[in-house]
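# Fold and contact review
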Amino acid sequence: MTSQIAHGGSTPTSEQIRRAPKVLLHDHLDGGLRPGTVVDLARASGYSQLPDHDPDKLGLWFREAADSGSLERYLETFSHTVGVMQTRDALVRVARECAEDLAEDGVVYAEVRYAPEQHLEGGLTLEEVVEAVNEGFREGERLARAQGRRIRVGALLTAMRHAARALEIAELANRYRDMGVVGFDIAGAEAGHPPTRHLDAFEYLKRENNHFTIHAGEAFGLPSIWQALQWCGADRLGHGVRIIDDIEVAEDGTVRLGRLASYVRDKRVPLEMCPSSNLQTGAASSYAEHPIGLLRRLHFRVTVNTDNRLMSHTSMSREFEHLVETFGCTLDDMQWFSVNAMKSAFIPFDERLAMINDVIKPGYAELKSEWLFQQTASTRSSVAADG
Ligand SMILES: O=c1[nH]cnc2c1ncn2[C@@H]1O[C@H](CO)[C@@H](O)[C@H]1O
Ligand SMILES: [Zn+2]
């Protein structure tokens, strides 16, 4: 009877999920455009390759085309978003709207990534790309604040794993450190493009005491995770979902972790899990079977992420709604995921701690306390009715 009254251990409502302070570590700028913005930007820039010019139909097209069962085909859809993100104005707008949309969804801290090398076709330099995106994020933060929402957005600079610019992009990330950029990433098709090809970039970042994450264990198995951690020294794993291949669950429920899975759990390596995206690329076959349920139970450092809000038709709130429906996730669980993510962010420790203590915990405490007053109100009205 009290299941709809959300205290820490019971089911949050959709509205509470949206209001809960959420932390997002893995979101691609070029995977989160509003469909209407893609249409506007295509028109303004003369981009003629769009499969549809109606925003609703285009949104559906992205979702269906990405729902392909393969990472390679999923990634093909990015040619259209990247195609319309080639000018300063386009980048500022996309970044501004990204910050606004995340704030509207209750995200209080986000690290949003993109590959500067993919935005040079209109003549911008790498530096101009980074500055345009930073400007958009700052504008979006300001607009959100004017509407009573607080969000902080940091950028991660991605290098494409099939290309050969990783060191250059790592240097760029280092140059813009403390100026809007909080770390580095590599992305793109995984099979045939091992992260060890970019060792020079990772070694450079380590020497600079900088932070990086690597897309690993999404479309490719354990060797990719092992290389990302033990050869490249990644601070976090983008996806990392195939770590499940190193975990054995016996019929009687006994769990055995292999050496790599033990290492990941023991070292508290953050896993940037993106369940909806994994269903589309074939990395998992259903939400219920997604390893996030087991990994959470085994206390891996799991975080919940969107990956590509446009292609996967998702948001942080939608991901949590799935987790609530599928695994019975509670407000306490949401807080656990959010604190995990905040602990794993690339901003300085004191700032992470302040976000946890001054924003995240009070936000959940407020949501969890609501049921007390609802109960008082309903008890009062039932007393009045009885009396
Ligand atoms: O799930 C993913 N796995 C690997 N690469 C991805 C994924 N999502 C997006 N990108 C790639 O990252 C680039 C920069 O943002 C995108 O253009 C896309 O090619
Ligand atoms: Zn990704």
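Residues numbered from 1 in each chain as written. Chains lettered and ligands numbered in written order. Predicted model: local features only at pLDDT ≥ 70, side-chain atom pairs only at ≥ 80, totals over all residues. Heavy atoms only, no water.

Attention now goes to the coordination of the zinc ion (ligand 2). Around a metal, the perfect tetrahedron of four donors has angles of 109.5 degrees, and the perfect octahedron of six donors has angles of 90 or 180 degrees. Binding of the zinc ion (ligand 2) to the protein goes through His26 (NE2), His28 (NE2), His215 (NE2) and Asp307 (OD), at separations of 2.1 to 2.2 Å. Coordination geometry of the zinc ion (ligand 2): the 4 donor atoms subtend angles of 83 to 171° at the metal centre, consistent with an arrangement described as irregular. Here the donor residues of the zinc ion (ligand 2) share one chain and are spaced in sequence as H-x1-H-x186-H-x91-D. Residue His26 is found in strand E1 (residues 22-28), and its partner His215 is found in strand E5 (residues 212-216); the two are separated by 189 residues along the sequence. Like His26, the residue His215 is buried in the burial classification. (Donors = N, O, S within 2.8 Å, 3.2 Å for Na, K, Ca; no water. Tetrahedral: all angles 85-135°; square planar, octahedral: opposite > 155°, others 65-115°. Helix = DSSP H or I, 4+ residues; strand = E, 2+ residues; numbered from the N terminus. Buried < 20%, exposed > 50% of the residue type's maximum accessible area, 1.4 Å probe, protein only.)

Another point: the packing of aromatic side chains. The tally for this structure, following the rule as stated, stands at 7 aromatic pairs. Each ring, one from Trp336 and one from Phe337, has its centre 5.3 Å from the other, and the planes form 70°; the classification is edge-to-face. The exposure classification of Trp336 matches that of Phe337, with both residues buried. Three or more aromatic residues link up through ring pairs in this structure, and these residues are Phe184, Phe202 and Phe212. Looking at Arg236, its charged tip hangs above the ring of Phe346, at a distance of 3.9 Å from the centre. Above the plane of the ring of Trp336 lies Arg296, whose end atom (NZ or CZ) is 4.2 Å from the centre. (Phe/Tyr/Trp six-rings, centres within 6.5 Å; stacked < 30°, edge-to-face > 60°. Lys NZ or Arg CZ within 6 Å of the ring centre and 35° of its normal.)

Turning our attention to the confidence of the model for the protein chain. Here the protein chain shows a mean pLDDT of 94. Residues at 70 or above account for 95%. Overall fold confidence for the complex sits at a pTM of 0.95, while the interface term, ipTM, reaches 0.99. (pLDDT = per-residue confidence, 0-100.)

This part covers the UniProt feature "domain: Adenosine deaminase" (unreviewed entry) in the protein chain. On the UniProt side, "domain: Adenosine deaminase" (unreviewed entry) is annotated at positions that read residues 21-361 here. Structurally, residues 21-361 is divided into 47% helix and 15% strand, and its ends, taken at the C-alpha atoms, are 9 Å apart. (UniProt positions renumbered as here; feature names shortened; annotations may be inferred.)

It is worth spelling out the nonpolar core at this point. In terms of nonpolar packing, the biggest core is built from 116 residues, with Leu29, Phe137, Phe184 and Phe300 touching the most fellow members. The element best represented in this core is helix H6 (residues 88-104), accounting for 9 residues. Setting aside residues up to four positions removed in sequence, Phe300 forms contacts with Ile247, Leu257, Ala261, Val264, Arg265, Arg268, Leu271, Leu295, Trp336 and Asn340. (Core = buried A, V, L, I, M, F, W, Y, C linked by side-chain atoms within 4.5 Å. Contact = heavy atoms within 4.5 Å.)

A few words now on the environment of Ser68. By secondary structure assignment, the location of Ser68 is in the loop between helix H3 (55-66) and helix H4 (71-76). Taking the C-alpha atoms as reference, Ser68 lies 32 Å from Leu126; in sequence the two are 58 residues apart. Excluding residues within four positions of it along the chain, Ser68 makes contact with Arg73, Tyr74 and Gln280. Within the structure, Ser68 has its side chain in polar contact with the backbone oxygen of Ser70 (distance 3.0 Å). (Polar contact = N/O pair within 3.5 Å; in protein donor to acceptor, adjacent residues only side chain to side chain.)

Before going further, it helps to examine the site of ligand 1. Inspection of the region around ligand 1 gives 16 residues, with His28, Asp30, Gln118, Glu218 and Asp307 positioned closest. One nitrogen or oxygen atom from the side chain of Asp30 is found 2.4 Å from an oxygen atom belonging to ligand 1. Take Asn308: an N or O atom from its side chain is 3.0 Å from a nitrogen atom of ligand 1. In isolation ligand 1 exposes 420 Å². Once the protein is present, 98% of that is buried. The class makeup of the residues in the shell around ligand 1 is 7 nonpolar, 6 polar and 3 charged. (Near = heavy atom within 4 Å. Areas by Shrake-Rupley, 256 points an atom, 1.4 Å probe, with all protein chains shown as cover. Nonpolar A, V, L, I, M, F, W, Y, C, P; charged D, E, K, R; others polar.)

Following the UniProt record, one finds the feature "site: Important for catalytic activity" (unreviewed entry) at His239. If we ignore the near neighbours within four places in the chain, the residues touching His239 are His26, His215, Ala216, Glu218, Leu271, Glu272, Met273, Cys274, Ser277, Asn278 and Asp307.

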